Amino acid sequence: MKALQTMVMSVSVRTAGALCCAAVVSCAQHEATAPAGTSSGPPAIRYEAHISAGGQLPAGAGLNNPVLQDPAATKNGETLFSAMNCDGCHGGGGTGWVGPSLADGRWRYGGADEEIFTSIYFGRPKGMPAFGGTISPTAIWSIVKYIKSLPPPPNAPTESWED
Ligand code: HEC
């Protein structure tokens, strides 16, 4: 009886698994047939800072910071950083609060200009809102320049493991 129960259970688990697979497949098919222009995924971007297999960067657009040489951009970025409430989550000077520190040189999604831009423009899944529809790309690039200018803190909290 026990064996039968186990068998029935394992069959129903397998059926559930198959149903689950079918749902995923039908979803994937749905996405593949969605009309062009409705995809919400970010476009393919070539990240210069990434090391690609075979040394070949995959096809995609490159992103360069157009305000890199503009001396006023850092200050504009600083103003925007509090005006857009970045500091409400990332703390004053980007030193970290409920959002991660942007000054400690540690990056989950990469610290190259184009990667920081992508984080801000498209948002990131664990609580980072997308600002692409709220502020202009030039404004985002100014914030990127400001973030890159932030001095690293004397004590990064995750340094303790080195002791
Ligand atoms: C509502 C809170 C919130 C606001 C407002 C916010 N952030 Fe974030 N941000 C987060 C969280 C949480 C993460 C971590 C997301 C993750 O790990 O997926 C994050 C991640 C990031 C990252 C990626 C960090 C990494 O390690 O790669 C950058 C860059 C960033 N935010 C910049 C900004 C800027 C610039 C602004 C203002 C325009 C801003 N954030 C506003 C919460 C916020």
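Counting from 1, residues in each chain are numbered in the order their sequence is written. Two thresholds apply to this predicted model, a pLDDT of at least 70 for residue-level local features and 80 or more for giving and counting side-chain atom pairs, whereas whole-chain, interface and lining totals are computed over all residues.

Chemist: Go over the overall build of the protein chain with me, naming the residues and quoting the values.
Modeler: Starting at the N terminus, helices and strands are each numbered in turn, a helix being any DSSP run of H or I of at least four residues and a strand any DSSP run of E of at least two. Each helix and strand in the protein chain was counted, giving five helices and two strands. Secondary structure elements of the protein chain occur, N-terminal to C-terminal, as α-β-β-α-α-α-α. Within the protein chain, buried positions represent 19% of all 163 residues. C-beta atoms are placed from the backbone for every residue, and two residues are taken to be in contact when these atoms lie within 7 Å. In the protein chain, once contacts between residues fewer than 6 apart in sequence are set aside, the share between residues at least 24 apart is 58%. Here a residue counts as buried when 20 or more other C-beta atoms sit within 10 Å of its C-beta, as exposed when there are 12 or fewer, and as partly exposed otherwise, the C-beta atoms being derived from the backbone.

Chemist: Please provide a residue-by-residue account of the confidence of the model for the protein chain, values included.
Modeler: The pLDDT averaged across the protein chain works out to 79; a share of 70% of its residues lies at or above 70. Within a predicted model, pLDDT stands for the predictor's per-residue confidence, ranging from 0 to 100. Of the regions scoring below 50 in pLDDT, residues 1–37 engages in one contact with residues more than four places distant in sequence or in other chains.

Chemist: With reference to specific residues and values, describe the site of the ligand.
Modeler: The criterion for a residue being near a molecule or strand is simple: its C-beta atom, placed using the backbone, must lie within 6 Å of it. In the neighbourhood of the ligand, 23 residues make up the surrounding shell, with Cys-86, Cys-89, Gly-99, Lys-126 and Gly-127 lying closest. The leading source of residues in the shell around the ligand is helix α3 (residues 86–90), at four residues. For this classification, the nonpolar set comprises Ala, Val, Leu, Ile, Met, Phe, Trp, Tyr, Cys and Pro, the charged set comprises Asp, Glu, Lys and Arg, and every other residue, Gly included, is treated as polar. Its residues placed into classes, the shell around the ligand shows 14 nonpolar, six polar and three charged.

Chemist: A description of the environment of Asp-70 should follow, citing residues and the corresponding values.
Modeler: Looking at the secondary structure, you find Asp-70 in the loop between β2 (61–62) and α2 (73–83). As for Asp-70 and Lys-145, which are separated by 75 residues in sequence, their C-alpha atoms are 9.6 Å apart.

Chemist: Go over the nonpolar core with me, naming the residues and quoting the values.
Modeler: By convention the nonpolar core is taken to be a set of buried residues drawn from Ala, Val, Leu, Ile, Met, Phe, Trp, Tyr and Cys and joined through C-beta atoms within 7 Å. Membership of the largest hydrophobic core comes to 18 residues, with the highest contact counts inside it found for Phe-117, Ile-120, Ile-140, Ile-143, Val-144 and Ile-147. Elements that contribute at least two residues to this core include exactly α2, α4 (113–122) and α5 (137–149). Broken down by element, this core gets its largest block of residues, seven residues, from α5.

Chemist: Explain α5 residue by residue, including any values.
Modeler: Compared with the 18 Å implied by 1.5 Å per residue over 13 residues, the 18 Å span of α5 between its first and last C-alpha is a close match. When α5 is considered as a whole, its buried residues turn out to be Ala-139, Ile-140, Trp-141, Ser-142, Ile-143, Val-144, Lys-145, Tyr-146 and Ile-147. Where the residues of α5 are buried, they touch α2 and α4. By this rule, a helix spans an expected 1.5 Å times one less than how many residues it contains.

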